[in-house]
Amino acid sequence: NDAGVMVIDALAQIPRTDTLRIADYGAADGGTSREMWDMVIGQLRANNNQSQIEMLYTDLASNDFSTLFRMMQGMQGDPSYAYQSRYENVFVHGCGTGFHRQLMADASVNLGFSATAMHYMSMKPMEIPEHVHATGADLKSKVAYAQQAALDWENILLARAAELIPGGRFICLNFGIDEKGQYLGNTGGQHMFDHFHKFWLALFKDNIITANEYQRASFAQYYRTIDEFCAPFKDPESAVSKAGLMLRSCSSKLTKCPYEAAFLDAGGIGGKMSNMDYANNLIPTLRSWSETVFRTALDGRNVDEIDQIVGGFYNTYRDTVAADPRGHAMDYVHIILDIEKTA
């Protein structure tokens, strides 16, 4: 757990305060980071740090905070990571506001953390005409998304600069584009977003969806390059530098798709796991984070119709993977940043 080690190292260097305040931005149901926080808090207690700890989870107002609170108290999920019930003096809060703005009082947070959330933009600058994602967009769309993403990144950083105490840290793992040009869904095999577009376009060509519905399925996401992540820190005159933020480190990490690994371990094509079993493992994961884009594009239809169209869309993808699984995988590409508030 690279992130956990970075967090523990950072906490050892951050100035001590009576209350240790930690913010987890874009946390969804808290599942992604729960094991890490359990480890981090366990380590603090093992090192005889008995500080009161406030954990603040942030996400959009539509987020399922009730699941998050139940998980931290051991009422749902694996109770062995339910740190709120395992350790004394740990207080869990939720904030139902997006991370593009300041969420906590000035100089009140010791450590900020975010995993796989900040590729989401505050708004779509436009609909992408002949694709669904900025990674496959035409030049005009790409420029518009890049400009909006740069503004969003600056706003995110300025908000964190305000919230952090002097000496505080912000550690984030973002989906992005690495030195080799790889990103989630495009790591040398099949291109996931191209497939999304191909199957969505086919629904339009078959008169199942309208031109308007085809147009509206643009992801409000942007995968920044390492240069785009680092740009505000390289310019001493930037608002971010002037706000006292300094980049301590930036690196990329590729994590192989666990579903593909399990399929290959079982012998791959012709092995113990059937192609369809592999497709049935992989597609629900893609669907879990992408489905809202396609459902939202169909706003105005009745729910049964939306269910049918979206279900058919993912079934087409599943059948394509089952027909030939080679190269269909969801490798993660993270850009990992360690940022310090210097003054």
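Residues numbered from 1 in each chain as written. Predicted model: local features only at pLDDT ≥ 70, side-chain atom pairs only at ≥ 80, totals over all residues. Heavy atoms only, no water.

Colleague: What am I meant to see in the overall build of the protein here?
Modeller: Summing up its helical and strand segments, the protein has 12 helices and eight strands in all. What you see for the protein is a C-alpha radius of gyration of 21 Å, in line with the 20 Å of a compact globule of 343 residues. For the protein, the spread of C-alpha atoms along the three principal axes comes to 65 × 50 × 40 Å. Here the protein holds 343 residues, and 50% of them are scored as buried. Counting only contacts in the protein whose residues sit at least 6 apart along the sequence, the fraction spanning at least 24 positions is 80%. (Helix = DSSP H or I, 4+ residues; strand = E, 2+ residues; numbered from the N terminus. Rg over C-alpha atoms; globule rule 2.2 N^0.38 Å. Buried < 20%, exposed > 50% of the residue type's maximum accessible area, 1.4 Å probe, protein only. Contact = heavy atoms within 4.5 Å.)

Colleague: Quick question: what am I supposed to make of the pattern of salt bridges here?
Modeller: Two side chains of opposite charge can pair, provided their charged atoms sit close to one another. The tally for this structure, following the rule as stated, stands at 17 salt bridges. Put simply, Arg301 and Glu213 hold a salt bridge, and the shortest N to O gap is 2.7 Å. Taken as a pair, Arg301 in the loop between α11 (275-297) and α12 (303-323) and Glu213 in helix α7 (residues 211-215) lie far apart in primary sequence, 88 residues in all. A residue is classified by how much of its surface remains accessible, and Arg301, at 22% relative accessible area, is partly exposed. Salt bridges here are not isolated pairs; linked through shared partners, they connect Arg169, Arg248, Asp338 and Glu340. (Salt bridge = Lys/Arg side-chain N within 4 Å of Asp/Glu carboxyl O.)

Colleague: Sorry if this is basic, but what is going on with the packing of aromatic side chains here?
Modeller: The relative placement of two aromatic rings is captured by the distance of their centres and the angle of their planes. Counted according to the given criterion, the structure contains 27 aromatic pairs. Both rings, one in Tyr183 and one in Tyr223, keep their centres 5.9 Å apart while their planes meet at 55°; by these two values the pair is tilted. Separated by 40 residues along the polypeptide, Tyr183 in the loop between β5 (164-177) and α6 (192-205) and Tyr223 in the loop between α7 and β6 (224-225) bring together distant segments of the chain. Ring centres of Phe193 and Trp289 lie 6.2 Å apart, and the angle between their planes is 65°; this geometry places the pair in the edge-to-face category. Separated by 96 residues along the polypeptide, Phe193 in helix α6 and Trp289 in helix α11 bring together distant segments of the chain. (Phe/Tyr/Trp six-rings, centres within 6.5 Å; stacked < 30°, edge-to-face > 60°.)

Colleague: What exactly am I supposed to notice about the environment of Glu340 here?
Modeller: Looking at where Glu340 falls in the secondary structure, it is placed in strand β8 (residues 332-341). Accessibility expressed as a relative area gives 16% for Glu340, which makes it buried. As a C-alpha pair, Glu340 and Leu111 span 229 residues in sequence and 9.4 Å in three-dimensional space. In this structure Glu340 touches Gly167, Gly168, Arg169, Gly244, Leu245, Met246 and Arg248, once residues within four positions along its chain are discounted. In terms of polar contacts, Glu340 uses its side chain to reach the side chain of Arg248, at 2.8 Å. (Polar contact = N/O pair within 3.5 Å; in protein donor to acceptor, adjacent residues only side chain to side chain.)

Colleague: Explain the pairing of strand β4 (residues 109-115) to me, please; I cannot follow it from the model alone.
Modeller: Across a regular strand the side chains alternate sides, sitting on one face of the sheet and then on the other. Here β4 lies mainly inside the structure; seven of its seven residues are buried. As paired elements, strand β1 (residues 19-25) and β4 share four bridges and run parallel to each other. Across the sheet, Asp24 pairs through a bridge with Phe113, a residue of β4. Summarising the sheet, β4 and β5 pair through six bridges and their orientation is parallel. Paired with Val109 across the bridge in β5 is Leu164. Handedness of the crossover joining β4 and β5 through helix α5 (residues 139-163): right-handed. (Pairing = 2+ DSSP bridges. Right-handed = clockwise from strand over helix to strand, strands pointing away.)

Colleague: Help me understand helix α1 (residues 2-13), please; the structure alone is not making it clear to me.
Modeller: Side chains of residues three or four places apart in an α-helix project in the same direction, reflecting 3.6 residues per turn. Taking 1.5 Å of rise per residue, 12 residues should cover 16 Å, and α1 covers 17 Å from first to last C-alpha, within 8% of that figure. Considered for burial, the residues of α1 that qualify are Ala3, Gly4, Val7, Ala10 and Leu11. Seen from one end, α1 has its buried residues packed into an arc of 125°, which puts them on one side. Among the structural elements, β1, α2 (31-46), β4 and β5 are those in contact with the buried residues of α1. (Expected span 1.5 Å × (residues − 1). Arc of directions from axis to C-beta.)

Colleague: Just to check I follow, could you spell out the nonpolar core for this structure?
Modeller: In a soluble, globular protein the nonpolar side chains are often hidden away together inside. By size, the foremost hydrophobic cluster in this structure holds 40 residues, and its most contacted members are Met192, Phe196, Trp200 and Phe294. Mapped by element, the contributors of at least two residues to this core are β5, α6, α11 and α12. With nine residues, the single largest contributor to this core is α11. Among all residues touching Trp200, those that are not within four sequence positions of it are Ile209, Glu213, Tyr214, Ala217, Phe294, Ala297, Leu298 and Phe313. (Core = buried A, V, L, I, M, F, W, Y, C linked by side-chain atoms within 4.5 Å.)

Colleague: What is the right way to read α5 from this model?
Modeller: The end-to-end C-alpha separation of α5 is 36 Å, in line with the 36 Å expected for 25 residues at 1.5 Å each. Where α5 starts, the residue carrying a side-chain oxygen 3.3 Å from the main-chain nitrogen of Lys140 turns out to be Asp138.

Colleague: Honestly, the packing of α1 against α2 in this entry has me stumped. Any pointers?
Modeller: Two measures define how a pair of helices packs: the angle their axes make with one another and the distance between the axes. Close contact between α1 and α2 brings their axes to 10 Å; oriented N to C, the two are set at 35°. Here the hand of the crossing between α1 and α2 comes out right-handed. On the side of α1, the interface is formed by Ala3, Gly4, Val5, Val7, Ile8 and Leu11, while α2 contributes Met36, Trp37, Met39, Val40, Gln43 and Leu44. Looking at side-chain class alone, the contact of α1 with α2 contains 10 nonpolar, two polar and no charged residues. (Axes fitted to C-alpha atoms, helices over the stretch in contact; angles between N-to-C directions. Left-handed = near helix turned anticlockwise from the far one by under 90°. Nonpolar A, V, L, I, M, F, W, Y, C, P; charged D, E, K, R; others polar.)

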